[in-house]
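One letter stands for each residue in the lines below.
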Amino acid sequence: MKFPNKWIVRPAMALFAGIIFLSLFSLPVAAQSTHTISQPGYYRMQVGDFEVTALSDGTIPQDLPKLLTNTQPGEVERLLNFNYQASPVETSVNAYLVKTKDKLLLIDAGTAEAYGPTLGHMLESLAHAGYKPEQVDAVLLTHIHPDHSGGIIQDGKIAFPNATIYVSKPEVDFWFSASNKQKASAGLKPYFESAEKNVGPYLKAGKVKTFEFGSQLFPGITSVASPGHTPGHTFYALESKGQKLVFMGDIMHAAAVQLADPAVTIQYDVDPKAAAAARKVAFANAVKDNYWIAADHISFPGIGHLRAAGTKYSWIPANYSTYITGE
Ligand SMILES: [Zn+2]
Ligand SMILES: [Zn+2]
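Being a predicted model, the structure only gives us computed values, none of them experimental.

### A closer look at the nonpolar core
If you look at the biggest cluster of nonpolar residues, it comprises 45 residues, and the most contacted ones within it are Leu106, Val139, Ile152 and Phe160. If one sorts the elements of this core by residue count, helix α10 (residues 189-204) sits on top with five residues. Tyr43, Tyr166, Leu217 and Leu245 belong to the second largest nonpolar core, which has 25 residues in total.

See the structure below:
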């Protein structure tokens, strides 16, 4: 997701959100504590032997006609209208907790203070779900963008004192390359700085484990290559007792538009062409093999199935349940 600098110059959008967005890192911590999440912020389900809990970091308005790229004239507005939405669209930021037989794994970690007070609520949601940060054994990052890695640091400190951070080698290599940072455009540079801010302290503490795409990280949890949105963007596939759920990170940012037209990309894509190609493959595979998808920017809890109709896709959210199978 993009840094919120833009909100400063767009008073109409700031009004929409009911808040004034300040630039990155300038938001006083006190401002964050005045906003609490309006929803319980978690949703639990069982996938085979694993308990999966979606955690909400909150929502943030996004100006999709401006942010989306490779679009046809009028396409974004038309698809939003078709989905009873209008820009700016309130977009979810989700993280996912996976309880295995002996480990507690967090997949992505939300934003902390990086995007202002409507986001940064992942730890609150974790508490509502009945867990403490100290219990988390590992944080698996789909990529290092600050809306996914921001939450591993809270108030400048390591937020998960007992956790190892898992992130793909290509992702670390890209964001921690001095020459990439030096070459980066002014728009991309802050992402290098946020990578240092968020992942740097864990690297220094020797608490980052990199892996090659395709490796099994824990029993039943495998990394899957999905480069494009970022060079090391990773899916995590969970498989247990014949059931499968794939955590897809930033496979899409605007479901209403990108399900109907997977070729549409977003300014946040480091390599938009590769991101669109990865999305098409991911959508096709999910339909072919009928597995669950969880994605960080699909409307919370962001867990469901895809259905194909020609070149378009539709989203079938998980059927709401008030009990956990197996309990
Ligand atoms: Zn994201
Ligand atoms: Zn991203």
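### Looking at the coordination of the zinc ion (ligand 2)
The protein atoms that coordinate the zinc ion (ligand 2) are His143 (NE2), His145 (ND1), His229 (NE2) and Asp250 (OD), at distances spanning 2.1 to 2.2 Å. For the zinc ion (ligand 2), the four donor atoms are set out with angles of 88 to 171° between them, so the coordination reads as irregular. In this structure, the zinc ion (ligand 2) lies 3.5 Å from the zinc ion (ligand 1), and both are coordinated by aspartate 250. Taken together, the residues span a long stretch of sequence, with histidine 145 in the loop between β6 (138-140) and α7 (146-149) and aspartate 250 in the loop between β14 (243-247) and α11 (255-258) at a distance of 105 residues. Given a relative accessible area of 1%, histidine 145 falls into the buried group. A residue is classified by how much of its surface remains accessible, and aspartate 250, at 2% relative accessible area, is buried.

### Structural notes on the coordination of the zinc ion (ligand 1)
Those donors, Asp147 (OD), His148 (NE2), Asp250 (OD), Asp250 (OD) and His297 (NE2), are the protein atoms that reach the zinc ion (ligand 1), and they lie 2.1 to 2.6 Å from it. Read from N- to C-terminus, the donor residues coordinating the zinc ion (ligand 1) fall into the pattern D-H-x101-D-x46-H. A residue is classified by how much of its surface remains accessible, and histidine 297, at 4% relative accessible area, is buried.

### Points about the packing of aromatic side chains
This structure, assessed with the given rule, holds nine aromatic pairs. Through pairs of rings, three or more aromatic residues link up here, namely Phe174, Trp175, Tyr191 and Phe192.

### Quick word on the sheet that holds strand β16 (residues 292-294)
Ordered in space as β11-β12-β13-β14-β16-β17-β18, the seven strands form an open sheet in which the pairing is mixed. Lying at the two open borders of the sheet, with one neighbouring strand each, are β11 (216-218) and β18 (312-317). On average, adjacent strands in this sheet sit at an angle of 35° to one another, irrespective of strand direction. The pairing of β14 with β16 spans three bridges and is parallel. What sits directly across from leucine 245, in β16, is tryptophan 292. Along the sheet, helix α12 (residues 272-289) contacts β13 (234-240), β16, β17 (303-309) and β18; its crossing angle with β17, the most-contacted strand, is approximately 95°.

Rules used in this analysis
Residues numbered from 1 in each chain as written. Chains lettered and ligands numbered in written order. Predicted model: local features only at pLDDT ≥ 70, side-chain atom pairs only at ≥ 80, totals over all residues. Heavy atoms only, no water. Core = buried A, V, L, I, M, F, W, Y, C linked by side-chain atoms within 4.5 Å. Buried < 20%, exposed > 50% of the residue type's maximum accessible area, 1.4 Å probe, protein only. Helix = DSSP H or I, 4+ residues; strand = E, 2+ residues; numbered from the N terminus. Donors = N, O, S within 2.8 Å, 3.2 Å for Na, K, Ca; no water. Tetrahedral: all angles 85-135°; square planar, octahedral: opposite > 155°, others 65-115°. Phe/Tyr/Trp six-rings, centres within 6.5 Å; stacked < 30°, edge-to-face > 60°. Pairing = 2+ DSSP bridges. Axes fitted to C-alpha atoms, helices over the stretch in contact; angles between N-to-C directions. Contact = heavy atoms within 4.5 Å.

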